[in-house]
Amino acid sequence: MARKAFDPLVSKRRVFFIELYPDSESYNCDSLLKVVETFPEYAYILHDMDVKVETGELKKPHYHCVVRTNPSLLSTILNKFPGLTPNFIEVSHEFKWCLRYLLHLDDSEKFQYSSDLIHHNIVDINLYLRVQPEWFFVNDMINLRLDGQSWKDVFNYSCRNSCYDVFRRNLGVISLVTTEFQNACEYKEYDGEFIGFE
């Protein structure tokens, strides 16, 4: 059976991407940002360094807002934002992509905003905003173990760098690689201090 086409007017979604302009005459931007802050999960940022590709001039400052909520119709969300027209609310399937767009993380041609500028209530937002690929963290954790760090130190590294999910998924690989390396090498020790391999 063919899948029904998505119709934003009758289909419920959880993720909405909203654009607000501080100088709008049809709504009060500060009031609508307060509405954004009422959602179970939200994030927003002021884009004031975006450039028009055609002219190289700065675009008007504007806010990009991402909200995630219980499944809702676009009309229900729109009703929460008096004065905002439907063309400023986009229904999205990808929460992660929306959050990354706030900083332009996946488009190096655009101005790269700092994550410090995001206003949000998302506890694990750094999981969505990671720049380094998973292997980068796995390699660091392996090197920590090979440098004699304890598993607790590796765990603490994963918490500090918001990559506990990587630690958890790759614990077996990290353990296997470090054990294999340690078994393949003869340690030279002098009074309990590591001084090299044979």
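This is a predicted model, so every value here is computed, not measured.

1. Looking at the overall build of the protein
Link 1 in the chain: Across its full length, the protein carries seven helices and seven strands.
Link 2 in the chain: Listing every helix and strand of the protein by position from the N terminus yields β-α-β-β-α-β-α-β-α-α-α-α-β-β.
Link 3 in the chain: When the 198 residues of the protein are sorted by exposure, 35% land in the buried category.
Link 4 in the chain: Once local pairs closer than 6 in sequence are excluded, the contacts in the protein between residues at least 24 apart make up 64%.

2. Concerning the pattern of salt bridges
Link 1 in the chain: For the coordinates displayed, the defined rule picks out six salt bridges.
Link 2 in the chain: Taking the shortest distance from any N to any O, the salt bridge between Glu134 and Arg169 comes out at 2.7 Å. Note that Glu134 is positioned in helix α5 (residues 134-146) and Arg169 in helix α7 (residues 164-184), a separation of 35 residues in sequence.
Link 3 in the chain: Overall, the relative accessible area of 46% leaves Arg169 in the partly exposed class.

3. As for a nonpolar patch on the surface
Link 1 in the chain: A cluster of nonpolar residues, Met49, Val51, Leu58 and Phe111, forms a patch on the protein surface that exposes about 340 Å² of accessible area.
Link 2 in the chain: Note that Met49 resides in the loop between β2 (41-47) and β3 (62-72).

4. Points about the packing of α5 against helix α6 (residues 151-160)
Link 1 in the chain: Between α5 and α6, the least distance of the axes is 9 Å, while the angle of their chain directions is 155°. Viewed along their axes, α5 and α6 adopt a mutual orientation that is roughly antiparallel. As α5 packs across α6, the resulting crossing turns out to be right-handed. On α6, the residues that touch Phe137, Asp140, Met141, Leu144 and Arg145 of α5 are Trp151, Val154, Tyr157 and Ser158.
Link 2 in the chain: Among the residues making up the contact of α5 with α6, the classes are represented as six nonpolar, one polar and two charged.

5. Quick word on the sheet that holds strand β4 (residues 89-92)
Link 1 in the chain: Taking strand neighbours across the sheet as the criterion, the five strands line up as β4-β1-β3-β2-β5 in an open arrangement whose pairing is antiparallel. The open sheet is flanked by β4 and β5 (119-120), the only strands paired with a single partner.
Link 2 in the chain: Contacting β1 (13-20), β2 and β3, helix α1 (residues 29-36) crosses the sheet at an angle of about 35° to β3.
Link 3 in the chain: Helix-sheet contacts for helix α3 (residues 95-103) involve β1, β2, β3 and β4, and the interaxial angle to β2 is about 25°.

6. Things to note about unusual backbone geometry
Link 1 in the chain: Located in the positive-phi region is His104, a residue other than glycine, with phi close to 60°.
Link 2 in the chain: Tracing the backbone through its elements, the reader meets His104 in the loop between α3 and β5.
Link 3 in the chain: Given a relative accessible area of 2%, His104 falls into the buried group.
Link 4 in the chain: One non-glycine residue with positive phi stands out, namely Ser162, at about 50°.

7. Considerations on the layout of surface pockets
Gaps between atoms show up when a probe of the same size as a water molecule is rolled over them.
Link 1 in the chain: One number sums up the size of the largest pocket: a volume of about 240 Å³.
Link 2 in the chain: Residues that form the lining of the largest pocket fall into these classes: five nonpolar, three polar and six charged.

8. Focus on α1
Link 1 in the chain: For α1, the full list of buried residues reads Cys29, Leu32, Leu33, Val35 and Val36. For α1, the buried positions fall inside an angular range of 155° around the axis, keeping them on one side. More than 90 degrees from the buried face of α1, the exposed residues found are Asp30 and Lys34.
Link 2 in the chain: Buried residues belonging to α1 abut β1, β2 and β3.
Link 3 in the chain: Measuring from the backbone nitrogen of Asp30 back to the side-chain oxygen at the start of α1 gives 3.0 Å, which picks out Asn28 as the cap.

9. Thoughts on the nonpolar core
Link 1 in the chain: Ile18, Leu20, Cys65, Phe81, Leu84 and Ile89 are the most contacted members of the largest nonpolar core, which has 23 residues in total.
Link 2 in the chain: Listed by contribution, the elements that provide at least two residues to this core are β1, α1, β2, β3, α2 (74-79) and β4.
Link 3 in the chain: Looking at this core element by element, the count peaks at five residues for α1.
Link 4 in the chain: The contacts of Cys65, once residues within four sequence positions are left out, are Phe16, Phe17, Ile18, Leu20, Leu33, Val36, Ala43 and Tyr44.
Link 5 in the chain: Membership of the second largest hydrophobic core comes to 16 residues, among which are Cys98, Leu103, Tyr113 and Tyr128.

Calculation notes
- Residues numbered from 1 in each chain as written.
- Predicted model: local features only at pLDDT ≥ 70, side-chain atom pairs only at ≥ 80, totals over all residues.
- Heavy atoms only, no water.
- Helix = DSSP H or I, 4+ residues; strand = E, 2+ residues; numbered from the N terminus.
- Buried < 20%, exposed > 50% of the residue type's maximum accessible area, 1.4 Å probe, protein only.
- Contact = heavy atoms within 4.5 Å.
- Salt bridge = Lys/Arg side-chain N within 4 Å of Asp/Glu carboxyl O.
- Patch = residues over 30% accessible without salt bridge, like charges linked within 9 Å, V, L, I, M, F, W, Y side chains within 5 Å.
- Areas by Shrake-Rupley, 256 points an atom, 1.4 Å probe, with all protein chains shown as cover.
- Axes fitted to C-alpha atoms, helices over the stretch in contact; angles between N-to-C directions.
- Parallel < 35°, antiparallel > 145°, perpendicular 65-115°, else oblique.
- Left-handed = near helix turned anticlockwise from the far one by under 90°.
- Nonpolar A, V, L, I, M, F, W, Y, C, P; charged D, E, K, R; others polar.
- Pairing = 2+ DSSP bridges.
- 1 Å grid on protein atoms, 1.4 Å probe; cavity = no way out; pocket = protein on both sides within 12 Å on 5 of 7 lines; lining within 4 Å.
- Points joined across faces, edges and corners; volume = space filled by probe spheres on them.
- Arc of directions from axis to C-beta.
- Polar contact = N/O pair within 3.5 Å; in protein donor to acceptor, adjacent residues only side chain to side chain.
- Core = buried A, V, L, I, M, F, W, Y, C linked by side-chain atoms within 4.5 Å.

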